[in-house]
Every structure is written in C-alpha cells, then in structure tokens.
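Architecture and fold: a report
Residues per chain, in single letters:
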Amino acid sequence: MHIIGSAFFVVWMYGLMAVMGLLCSPLLLGPRSWAQRCFAVYRWLVFGGLRVLCGIRFEVRGHEHIPFGPALVASKHQSMFETLAFWHILPDPAIILKKELKYLPFFGWYAMKLKNVAVDRSAGASALKAMLRAARERAHEGRQVVIFPQGTRVKPGEAESYKPGVAGLYGAMDVPCVPVALNSGLYWPPSGFVRRPGTIIIEFLPPIPAGLPRASFMSELETRIETASQALLPSPQGNVSP
C-alpha cells in the first residue's frame, strides 16, 4: 500500500507542478507576490496529497524561535519535504539552492522569481562571494535566508560534515542564526519514491546570536542540530524521543 500511495503522490506532486506551472506562468511577468500566491496554492495541494495518499503530516515545534525579520536559518536536510515546508512556515524565506535547479522546468522558473539564491558549487571562491552578496541583499529586504549546512540530503542518523559556507553567511549577514532539527527522512527518504506514514517534526531551536568566532559558531551549530535531530529519531522502543 505504501508503494501504491507513494506512486500516486509522485504523479500528483509533479503533475500539479506542470499544470500549475503553466497556468500560473503569466504571473511570472508581474510582481513577486503574484507568484507567491500561486506557489502557496501548490504547497497546500501537495501537502494535502501527502496526507491523503501517504498518511504523512507535519508538526512544527519551537514556534517562539521562528524569525519574522532578517535571519539566517540553518537546517538539517533529509528530503525534498523541507524545501517546500520552509516556504510554508517562514514569513518570506530565500533558500540557498544548487545552480542546476534553476534550469529545471517549472520549479526553476518560480525558484528564481521568488528570489531564492542559486549557487554554482563548481565556481569556488567566486560562487561564495556571489552567495554572500545575494544573502546580504535578502537580509536587507527583511527576509530569512535558509541554508542546509551539510550541503546535501543525509539519511536519518548518518553523519556528514558541515560545510564552511554557513560560517561565511553567518559572518557576512551579521544576524542571528536559527538552527533547525527535523526527522523528515524517516517518512520521505532522501532518495527513492516510497513514503511511509507518520508525522514529520520540524523543530526550531533557540537562535545563536550574531558575532561569535567562526570556530565557536560552527561547533555550536553542529552540536545543536545534531543533538536535537538525533532526539527526533525512534528510540529502541520504537517511539520518537520527546
């Protein structure tokens, strides 16, 4: 049953992307707010399909730590789910994306219209400078810049190093950094299409204040995210830790 529901969901999600992408394409010629409204409808439909077809819901914890002004949000990354969810939860996020994604039909059109930040990983130092410049611009607009500091999707419980780009953003933006823990990979895996029923938890942790030394910031960020994410994994008794 998981396979059948997951198959229908994949068709639903990408079919909606194509249909709504085309129907809403004239909105790309207008203000960014027009594309935002279309994208909001798309997300509601996708999350509704996720609930009905796959039995997956999501819960947000730490509402008091959700930033409403300029901030750096550094999150664990386990699936495509959180890429959509942050747009659903944060007031006006700008997500750090791989440059390749902006060339994808439909997704790329709206990702760029919504002024996310595309990064060319092969460009080295010049890519970092461009990312820092764009991130500062988004912060000056009062937006939240979202980065996945491990740089890739990581299976629940597995280790992956934290990349230095997040420290560069933290220093350049000079704003607090809000760490985010989650367990999305338990139900929407990093790869493959089979989803499993359950409740995804996204937990916003207390912000790290601006101005810490680079090494202290990186250590604090990794410790907070990894500790909290580990606590969201099933215990030996099969329950998610409180």
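Everything quoted here is computed from the prediction, not taken from an experiment.

A closer look at the sheet that holds strand 6 (residues 177-182)
For sheets, the rule is that strands pair by backbone hydrogen bonds, running either parallel or antiparallel. Taken in spatial order, the 7 strands of this open sheet run 1-7-6-2-5-3-4, and their pairing is mixed. Edge positions in the sheet fall to strand 1 (56-61) and strand 4 (117-119), since each of these pairs with one other strand and no more. Each strand of the sheet is rotated relative to its neighbour by a mean of 20°, with strand direction disregarded. Pairing of strand 2 (residues 71-75) with strand 5 (residues 144-147) involves 4 bridges; the strand directions are parallel. In the strand pairing of strand 5, V73 is matched with V146. In the packing of helix 6 (residues 165-173) onto the sheet, contacts are made with strand 2, strand 3 (93-98), strand 5 and strand 6, and the angle to strand 2 comes to roughly 165°. Running over the sheet, helix 7 (residues 214-231) touches strand 2, strand 6 and strand 7 (198-204) and is turned about 30° from strand 6.

Looking at the environment of A134
Among the secondary structure elements, A134 is positioned in helix 5 (residues 125-140). A relative accessible area of 15% means that A134 is categorised as buried.

Digging into the pattern of salt bridges
Inspection of the entire model under this criterion finds 9 salt bridges. Among the ionic pairs, K76 bridges to E226, the shortest N-O distance being 2.8 Å. Here K76, found in the loop between strand 2 and helix 3 (81-89), pairs with E226, found in helix 7; they are 150 residues apart in sequence, far enough to count as distant. On the basis of relative accessibility, which here comes to 3%, the residue K76 falls in the buried class. Through salt bridges with shared partners, a single ionic network connects R32, D92, K115, E141 and R143.

Remarks on the nonpolar core
Core analysis: the biggest nonpolar cluster contains 43 residues, and Y42, L50, F81, F86, I202 and F204 have the highest contact counts within it. For this core, the secondary-structure elements that each account for two or more residues are helix 1 (2-23), helix 2 (32-54), strand 1, helix 3, strand 3, helix 4 (107-113), strand 6 and strand 7. If one sorts the elements of this core by residue count, helix 2 sits on top with 8 residues. Those residues within four positions of I202 in sequence are excluded, and the remaining contacts are E59, V60, R61, F81, A85, I89, V180, A181 and L182.

Digging into the state of the cysteines
Counting across every chain of the model gives 1 disulfide. Paired by a disulfide, C24 and C38 hold their sulfur atoms 2.2 Å apart. Residues C24 and C38 are joined by a disulfide whose S-S torsion is about 90°; by sign, that bridge is right-handed. Taken together, the residues span a long stretch of sequence, with C24 in the loop between helix 1 and helix 2 and C38 in helix 2 at a distance of 14 residues. Look at C38 and you get buried, because its relative accessible area is 7%.

Conventions we followed
- Residues numbered from 1 in each chain as written.
- Predicted model: local features only at pLDDT ≥ 70, side-chain atom pairs only at ≥ 80, totals over all residues.
- Heavy atoms only, no water.
- Pairing = 2+ DSSP bridges.
- Helix = DSSP H or I, 4+ residues; strand = E, 2+ residues; numbered from the N terminus.
- Axes fitted to C-alpha atoms, helices over the stretch in contact; angles between N-to-C directions.
- Contact = heavy atoms within 4.5 Å.
- Buried < 20%, exposed > 50% of the residue type's maximum accessible area, 1.4 Å probe, protein only.
- Salt bridge = Lys/Arg side-chain N within 4 Å of Asp/Glu carboxyl O.
- Core = buried A, V, L, I, M, F, W, Y, C linked by side-chain atoms within 4.5 Å.
- Disulfide = S-S within 2.5 Å.

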